[in-house]
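Topology and contacts: notes
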Amino acid sequence: MSGTPPKKTYIIPFAHDAFFKRSLQEIGIARDFFKHHLPKAVLKALDLNTLCLQSNSFIEKDGGYRFSDIIYQIRILEKSGYLFCLLEHQSTPDRWMALRMQTYLMHFLNKQVRQGVKKLPPFFLMVFYHGKRSPYPYSQDFFDLFENPAWAKEQFLQPFHLVDIQQESDEAILQHDDAATLEMLQK
């Protein structure tokens, strides 16, 4: 054995991710990227000249962070809206990506509410994937994650069901069998 130690190889974790994210923080690069990768109907609704990079972290109640990577504020349908891009270095596809995107969106929209918006802004979700397994093997449709996609879609797209007990007459409530006492006490 020779007295020279083997050379160490240093790997920068997530180098592709960092390079891509840093590049897309440049407005000109981002504008060209979106121009060539967004669906034509979406592109038609956007004003790419209004791209404005936004903060990208979400702080949850437990103190943990959620990152959506890159968020651009942009005019969508002549209103201020947001273009969400999840730009993670992923060498493997994520079966739950559609849920992850909805989670990021809900965190961001909750942040908007906390900041005092009266109506939620329009948005568009986008994922950049460059894994070796191609084409991407999982559905991009959030509802495909459910055992019964049709039921899930119907429930998500309907207003939530509201029981406004004050609108019920006492006589009607008394007909509610074992739930009547509970409902009358709450009323």
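About the criteria used
- Residues numbered from 1 in each chain as written.
- Predicted model: local features only at pLDDT ≥ 70, side-chain atom pairs only at ≥ 80, totals over all residues.
- Heavy atoms only, no water.
- Helix = DSSP H or I, 4+ residues; strand = E, 2+ residues; numbered from the N terminus.
- Buried < 20%, exposed > 50% of the residue type's maximum accessible area, 1.4 Å probe, protein only.
- Salt bridge = Lys/Arg side-chain N within 4 Å of Asp/Glu carboxyl O.
- Phe/Tyr/Trp six-rings, centres within 6.5 Å; stacked < 30°, edge-to-face > 60°.

Bringing unusual backbone geometry into the picture now. Note that the residue after Ser134, namely Pro135, is joined by a cis bond; omega there is 5°. Counting through the fold element by element, Pro135 comes out in the loop between β6 (123-127) and α5 (149-157). Of note, the phi angle at Leu77 is positive, near 50°, even though the residue is not glycine. Here Leu77 lies in the loop between β4 (70-76) and β5 (79-86). Not every positive phi belongs to a glycine, and Asp177 is a case in point at roughly 55°. The residue Asp177 is located in the loop between α6 (170-173) and α7 (180-186) in this model. Residue Asp177 is classed as exposed on the basis of its relative accessible area, which comes to 66%.

This part is about the pattern of salt bridges. Throughout the structure, instances matching the rule amount to 4 salt bridges. We note a salt bridge from Glu26 to Arg22, for which the minimum N-O separation is 3.2 Å. Under the relative-accessibility criterion, Arg22 is labelled partly exposed at 47%. Across the pair Arg100 and Asp94 runs a salt bridge whose closest N-O atoms are separated by 2.7 Å.

It is worth spelling out the packing of aromatic side chains at this point. This structure, assessed with the given rule, holds 13 aromatic pairs. Both rings, one in Phe20 and one in Phe128, keep their centres 4.0 Å apart while their planes meet at 15°; by these two values the pair is stacked. You can see Phe20 sitting in helix α1 (residues 15-24) and its partner Phe128 sitting in the loop between β6 and α5, a full 108 residues away along the chain. For Phe20, a relative accessible area of 17% puts it in the buried group. For Phe128, a relative accessible area of 26% translates into the label partly exposed. Measuring from centroid to centroid gives 4.7 Å for Tyr82 and Phe108, while their planes differ by 65°, and the two rings are edge-to-face. On the criterion of sequence distance, the pair formed by Tyr82 in strand β5 and Phe108 in helix α4 (residues 97-114) is long-range, its members being 26 residues apart.

None of the figures reported here should be taken as evidence of function without further support.
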